[in-house]
Structure formats: C-alpha cells, structure tokens
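# Structural description and commentary
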Amino acid sequence: MIAMPLIGLRETVFSLNCFAAAMLALFLSFSLGLDRPFWAMMTVYITSQPLSGAVRSKAVFRLIGTVIGGLVTVLLVPTLVNAPVLLSLALALWVAGCQFVSLLDRTPRAYVFMLAGYTAALIGFPSVLHPEAIFDTAVLRVQEIGIGVLCAAIVHSVVWPRSVAGVYGVRAKAVLAHAESWIADILAVEASARTSPERRRLAADVTDLHVTATHIPFDTARIRPTRALLTGLQDRLVQLIPLVSALEDRLRSLTAEGPLPEGVAELVAEVRNWVLDPTLDAPVIPPPPVASDWRGLVTLNLTMRLAELVEALGTTRALVAAVADPETPRPVIAEGGGRPLHRDYGLALLSATATFLTIIGCCAVWIVTAWPEGAVAAMIAAVVCCFFATLDDPVPAQRGFLVWTLASVPLVAVYLFAILPAIGGFVMLCLALAPPLLALGAAMAVPSWYGRMLPMLIGFAGGLALTNMYSDDAASFFNSNVAQIIGIVAAMTMTRLVRSIGAGTAIRRLRRAGWRDLAALAERPALLPVWRSRMLDRVGLLAGRVGEVEDEDRDDAAAALRELRIGYNLVQLAPGPEHQVLRASLAGWFRQLVEGRDPAPPPDLLDAIDGAIAQSPEPDRLAALVGLRRNVFPAAPGWTEERLAA
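## Considering the overall build of the protein
Helix and strand counts for the protein come out as 24 helices and zero strands. Looking at the protein as a whole, 53% of its 646 residues are labelled buried. Considering only contacts in the protein between residues 6 or more positions apart, those separated by 24 or more positions represent 79%. If you sum the accessible surface of the protein, you get close to 27,600 Å²; carbon and sulfur atoms cover 64% of it.

Structural data, given as structure tokens:
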C-alpha cells in the first residue's frame, strides 16, 4: 500500500508557483506562435525544485545543454539524413558520449553534458522526415525550452523564494547532531548497535549536504557561504568517519583485555561529556604516556586519536555555526583548487554502451519496419537511459518511470477527448488544467514522491501536446503512447543486460579503486592531496551503500572503511627512507589485491610494521604504525620486543 504524501503550506506554495510559471510559459509560447508550446510547460516542471537556488542552477545548466544539443542536431541531421544508419549511429554515439562525460564529471556541470546528449535525440530523431527544416526546428525547441526555464526561474525566485543557504544551515546543524550522537555512542565504550546505522546516516547526510551545496552559488540569499567554507565543512564531516571508526576499534581492542586504565577512562569520559554538551570547555588531551608493550601502544594511539577528534569536532562546530548564521565570524579556510573525485571509467563506459545499444536497437526497428512512431521510441529510450545513469541499478527507477508514465495515460485521454474539445480560450484552458497540475505539483514537492510525480507530469504535459492547432487523433495518441512504452522497456532491458550492478558490486569496485590509489600513495607520498580528496569522496560513496548490501557483502563494506583508515595511517608516516621497506611491502600487497590474488597480507609486511614500531620514538609515528598494524593485521598477536627478536 502506498502512503499518501503529506501536503503542507510549503508544498502548496511550490505547486502554485509551478502552475503559475507553467501557464506563463504556455501563454508566451502561444502568443509567439511557437510550434510546440507544451514543451515550455513541460520544461517548467522538469526544472522546478523546492529550493529557489536549485531552480536557477538547473535552469542555467539546462539552457546551456539544450543550446549545445540543438547545434549538434543542426550539424548532423542535414549531413547524414540520406544515410539513416549513419545518422542513427552518429546520434547514438553523441548521446552515449555525453552521458559518459557527465558520469565522470560528477559536479553540477554534469547536467550540461546530459542535456546536450538527450536534447540532440529529442530534436534530431523527430526531424529526420523533414531535414530541410532542422534549423527552424532546433531554434523553436531551444526557444520553447528557454521560455520554460526562464519562467520557472523567475517565478520561483520572486514568489516566496526558499533560500538554499538557509536550508543548508539547518541541515548542517542536523548532520552535526547526528555526528555527535554517533561519537557519544562510540565513547560510551560499551558496544552499541546504533553505531553502524549512525555511521551510514552520517555518510548519507554528508552526501545530501554536498548535493545541496552545489546550488548555493545560484541562491537568492544576500549573504551566502563561500565555496571554501562549504568544502571545509564537508571535508571535516567526512573525515570524522574513519577517525571515529578508528577510535571504536581501539576502544574495543583495549576493553577486550580488561577495563581501560583509570586515567584513560577519565579522559574518554571527559571527551564524551564535551561531545554531548558543546558549552563545556574543550578537553585538553595530555601527551600520551611512554609505551613499552602492545597495550600501551594501543593506548597511545587512542590518546592521539582523541586529540585529533577534539580538534576536528571543534573546527566542525565552528564551521557549522558560520554556515548556519551569516553574522557569525567565519573561520579562515584556505581556498583549495579543484578537488579530484572518484571516477569509475569502466562503469561510465558500461552506461554509455547500454545507452548506445538501446538507441541503435530502437532505430534498427524503426528503419526496418518504417514505423511512423519510431522516432518517439528512440528519443524516449535516450531520455530514460540518461535520467537514471548515476544509479548502481537503474532498472527499478526506470520501471517506476514506466509505471507512472502509464498512470498518466488515462488522465491524458480524459482531457484530450472529453475536456479540451469543450474549452474555448486560454483562461478556460488554465482553469481546466489547474486541478491535476496543482495536485501533482504539490505531491512532487515531497522528496519521496518526486520520482513518481515527475514522470506523471511529463507524461501528462507531453501527452496533451498542446499546440495552436487542437487535434484529437486517437490513432496518433495510441501509437505515440505505445512507442513511449516500447522505448522505456527497451531502455530497461538493455540496462539490465549490460549495465545493472548491485550495491555489493559497487562497493567492491570502489575498494579496487582504493587499492590502486593506496599502492600509489605508499610509493609516492607526494600524492597525498589527490588521495585525500578521493578518499573523502569514496568514504561517502562507500558508507552510503552499506545499508543496501546483502549480508554476505557487509564484510566488504566494513573492510572498505578499514582500508580508508590504512590510508589515513599511511599519510602520517615519515616520507623518508626509514619506512621505504614498509611502503614497498604495502604497495605490493595492494597491487596483489587489485590483481585478484591471495588477499591475505604477506607475513613480511607484519615484520616490517613491527620493525618500524621498534625504531620510531615519535608518538605520532607510533600512533600511525599501531593503527596500521590493527587495520592490516587485526587478528595478529600483540606487538612485543620478544616477537621482533624471534
């Protein structure tokens, strides 16, 4: 049973804004005598978002992508129209190539590439029967989409705009509260069943903050957080995941052998009290005691990590306060350059291949059968492939798109054959369209219903196909809907055959990429900035998938987080020749993992770590080596001088 969405004032205002923008776009398109005014109305709903800044950013990128896609069709269609196979190949390659680049970009720019791809399909395929008019057709589509984009951006920015920066500040406070709750559970010493869900929740929250932050440069707020401030906050929140999970491991290791030493237990309790009550003074972590045995070394590591936690959480609190309240003095954060993110070239290529094969398959049926509606199937297949390409398994979302597109068909039929013929004038048209558009728009404002209502709104607006010349051709209506269904089913089928992976497979791919980077980092410490950026990105991608995997894959997810801690320890080692053997051994083991050979770490790696512990007097180096030993050899007997001598 599907629970109905809860509609409040915000959702109602959002729906009214969408409807007003859609009717304004429709009126302007009719007044200008554009060929297909319904494109403008449909674009309003595709562009609209509950946050004003998100609407404006999406509008800018959509307009740029549409213009690029239109230019490509103007170049390709007249040139290759007499060679249908070549034209199909060219358009399919363009859509697939744009999708490939958008999946690698992983920034707001990605929307430009995606739009440039499937806009070429939307304009190009229906134009093959009239190639002489391709320039006019491309200009008209750009104008119609441009009117829809501008109307959506203007109305949502003027009528009760909802600031992205304000929402971001509220969410940042909530994320900080989740992080503090998780840390407090860890420092309670006793194992808590909540720690794993809290870790996953923090990762998901940080991902949500990152998505929200991409729209802040387009926000309507007068004072907006700087990019450096937002990046600094996100980095520190994500850094808490390996740091706090390392604390959890050290605490469990110590308590497994007996109660914590009295001074350490008091220190942990003091830090926990500060985590729960930010008004308290930050605890001062004393220098760790000199360690002579394994338990002492683990205690040293725990003490060092507590000091890092106090610093990291204190900085995070200051950053959250600065983001949430524009009047708060802002901490000085260095403005970084570009941040390298994780890129899965193989998965992007699979996605592009699935899209290419889907479009080619639809075009082949179209060409062989001379099917009049073949263009509809080809272009809707391109759109559906592109819409959900970022998901591990796009098929469930594509299936939902099909279901809700089908749900719009009866509604379209009622309007097309019963209501619209009785309407005269634009005002009457607006009144007739108001009930379904207002209801669907309000439901679309509820996040859990957005993915259901958008295809229904697209199906409704596209199915009505409002133009200056009303048509109630039942055969055309039936054929176009059948073509849409065939296009969506083709996308689902090819995606299932070529592209779909589960969360467990995604985690293993992320781990393999992490092994490659760790091997490179072990040999070349100068790669630290690149590795740290990718690590911060991957930890969110990894932990966000832990809740989606089957039981047999949960060990992979836990191991992936442990490997992130290995990198965290690795960068704290001295880059000099004293750790050259250790680094070489680590690099060899990671390459062994990449190649799929024996996953067990070689015994000489344990000897290298133990030898480095014996020769490292500095507490920070010792702490890193202890963490490295715990993460690589969690089941190994504790370090002793006697074992090293043997």
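After presenting the structure, the write-up continues.
## With respect to the packing of helix H22 (residues 603-614) against helix H23 (residues 619-632)
It is at 9 Å that the axes of H22 and H23 come closest, and there the two elements cross at 160 degrees. Relative to H23, H22 is oriented roughly antiparallel. Regarding H22 and H23, the two cross each other, and that crossing is left-handed. Where H22 approaches H23, its residues Leu605, Leu606, Ile609, Asp610, Ala612 and Ile613 are matched on the opposing element by Leu622, Leu625, Leu628, Arg629 and Val632.

## So, the packing of aromatic side chains
Scanning all chains against the criterion turns up twelve aromatic pairs. Measuring from centroid to centroid gives 6.0 Å for Phe388 and Phe401, while their planes differ by 75 degrees, and the two rings are edge-to-face. Here Phe388 is found in the loop between helix H13 (374-387) and helix H14 (395-419), whereas its partner Phe401 is found in helix H14, with 13 residues between them in sequence. Classification of Phe388 by relative accessible area gives buried; the value is 15%. Assessed through its relative accessible area of 5%, Phe401 is described here as buried. Judged by centre distance (5.5 Å) and plane angle (85 degrees), the ring pair of Tyr415 and Phe460 falls under edge-to-face.

## Here we look at the side chain of Glu144
Mapped onto the elements, Glu144 comes out in helix H6 (residues 134-158). Among the polar contacts listed, one links the side chain of Glu144 to the backbone nitrogen of Arg36, at a separation of 2.8 Å. At 2.8 Å, the side chain of Glu144 and the side chain of Arg141 are in polar contact. Ignoring anything within four residues of it in the chain, the contact list for Glu144 reads Leu34, Asp35, Arg36, Trp39 and Ala40.

## Here's the deal with a nonpolar patch on the surface
A contiguous nonpolar surface patch, about 610 Å² in accessible area, is contributed by Leu9, Leu150, Ile154, Val158, Val159 and Trp160. Secondary-structure assignment places Val159 in the loop between H6 and helix H7 (164-187).

## Re empty space enclosed by the protein
Over the atoms, a rolling probe the size of a water molecule traces out where space has been left empty. This structure, assessed with the given rule, holds four cavities of 30 Å³ or more. Of the voids in this model, the largest cavity is the one considered here, and its volume is about 100 Å³. Listed by contribution, the elements that provide at least two residues to the lining of the largest cavity are helix H18 (503-523), helix H19 (528-543) and helix H20 (554-570).

## Details of the environment of Val164
As for its placement among the helices and strands, Val164 is situated in helix H7. Given a relative accessible area of 0%, Val164 falls into the buried group. Considering only alpha carbons, one finds Val164 and Leu51, 113 residues apart in sequence, at a separation of 5.8 Å.

## Regarding the pattern of salt bridges
Inspection of the entire model under this criterion finds 16 salt bridges. Linking Asp344 and Arg509 is a salt bridge whose minimum nitrogen-to-oxygen distance equals 2.7 Å. Note that Asp344 is positioned in the loop between helix H11 (294-324) and helix H12 (345-369) and Arg509 in helix H18, a separation of 165 residues in sequence. One salt bridge in this structure joins Asp517 and Arg534, with 3.6 Å as the shortest N-O distance. With Asp517 in helix H18 and Arg534 in helix H19, the pair connects residues that are 17 residues apart, well separated along the chain.

## Side note on the side chain of Gln398
Assignment of secondary structure puts Gln398 in helix H14. Beyond its immediate sequence surroundings of up to four residues, Gln398 is in contact with Val384, Cys385, Phe388, Ile488, Ala491, Met492 and Thr495.

## Points about the confidence of the model for the protein
Per-residue confidence for the protein averages 84 on the pLDDT scale, and 87% of its residues sit at or above 70. Per-element averaging of pLDDT across the protein places helix H24 (residues 641-645) at the bottom with 52 and helix H15 (residues 426-444) at the top with 94.

## A word on the nonpolar core
By size, the foremost hydrophobic cluster in this structure holds 92 residues, and its most contacted members are Met23, Met41, Phe125, Leu433, Leu437 and Leu466. Among residues more than four places away in sequence, those in contact with Leu437 are Ser15, Phe19, Met23, Met41, Tyr45, Leu457 and Phe460. If you look at the next biggest cluster of nonpolar residues, it comprises 87 residues, including Leu187, Leu254, Leu260 and Leu605.

## Quick look at the environment of Gly611
Of note, Gly611 is situated in helix H22. For Gly611, a relative accessible area of 15% translates into the label buried. Sequence separation between Gly611 and Trp639 is 28 residues, and the spatial gap between their C-alpha atoms is 9.9 Å.

## Brief notes about helix H17 (residues 474-498)
The end-to-end C-alpha separation of H17 is 36 Å, in line with the 36 Å expected for 25 residues at 1.5 Å each. Within the sequence span of H17, burial applies to Phe477, Ser480, Asn481, Ala483, Gln484, Gly487, Ile488, Ala491, Met492 and Thr495. In this structure, the buried residues of H17 make contact with H12, H13 and H14.

## Quick word on the packing of H14 against helix H16 (residues 447-464)
Put simply, H14 and H16 touch, their axes get as near as 8 Å, and they point 40 degrees apart. Compared by their axis directions, H14 and H16 come out oblique. Handedness of the H14/H16 crossing: right-handed. In this structure, H14 contributes Phe401, Trp404, Thr405, Ala407, Ser408, Leu411, Val412, Tyr415 and Leu416 to the contact, and H16 contributes Trp449, Arg452, Met453, Pro455, Met456, Gly459, Phe460, Gly463 and Leu464. Here the contact of H14 with H16 is composed, by residue class, of 13 nonpolar, four polar and one charged.

## Concerning the environment of Trp274
Mapped onto the secondary structure, Trp274 falls in helix H10 (residues 262-276). We classify Trp274 as buried; its relative accessible area is 5%. Apart from residues no more than four positions distant in its own chain, Trp274 is found in contact with Leu280, Asp281, Ala282, Pro283, Val310, Leu313, Gly314 and Arg317.

## A look at unusual backbone geometry
Positive phi values are uncommon outside glycine, yet Ala370 reaches one of about 55 degrees. The residue Ala370 is located in the loop between H12 and H13 in this model. Phi is positive for Ala465, which is not a glycine, with a value near 50 degrees. Mapped onto the elements of the fold, Ala465 is located in the loop between H16 and H17. The exposure class assigned to Ala465 is partly exposed, which follows from its relative accessible area of 32%.

## Considering the state of the cysteines
One pass over the full model with this rule turns up zero disulfides. Looking at Cys385, it has no disulfide partner, and the nearest cysteine sulfur is the one in Cys386, 6.8 Å off.

Calculation criteria
- Residues numbered from 1 in each chain as written.
- Predicted model: local features only at pLDDT ≥ 70, side-chain atom pairs only at ≥ 80, totals over all residues.
- Heavy atoms only, no water.
- Helix = DSSP H or I, 4+ residues; strand = E, 2+ residues; numbered from the N terminus.
- Buried < 20%, exposed > 50% of the residue type's maximum accessible area, 1.4 Å probe, protein only.
- Contact = heavy atoms within 4.5 Å.
- Areas by Shrake-Rupley, 256 points an atom, 1.4 Å probe, with all protein chains shown as cover.
- Axes fitted to C-alpha atoms, helices over the stretch in contact; angles between N-to-C directions.
- Parallel < 35°, antiparallel > 145°, perpendicular 65-115°, else oblique.
- Left-handed = near helix turned anticlockwise from the far one by under 90°.
- Phe/Tyr/Trp six-rings, centres within 6.5 Å; stacked < 30°, edge-to-face > 60°.
- Polar contact = N/O pair within 3.5 Å; in protein donor to acceptor, adjacent residues only side chain to side chain.
- Patch = residues over 30% accessible without salt bridge, like charges linked within 9 Å, V, L, I, M, F, W, Y side chains within 5 Å.
- Salt bridge = Lys/Arg side-chain N within 4 Å of Asp/Glu carboxyl O.
- 1 Å grid on protein atoms, 1.4 Å probe; cavity = no way out; pocket = protein on both sides within 12 Å on 5 of 7 lines; lining within 4 Å.
- Points joined across faces, edges and corners; volume = space filled by probe spheres on them.
- pLDDT = per-residue confidence, 0-100.
- Core = buried A, V, L, I, M, F, W, Y, C linked by side-chain atoms within 4.5 Å.
- Expected span 1.5 Å × (residues − 1).
- Nonpolar A, V, L, I, M, F, W, Y, C, P; charged D, E, K, R; others polar.
- Disulfide = S-S within 2.5 Å.

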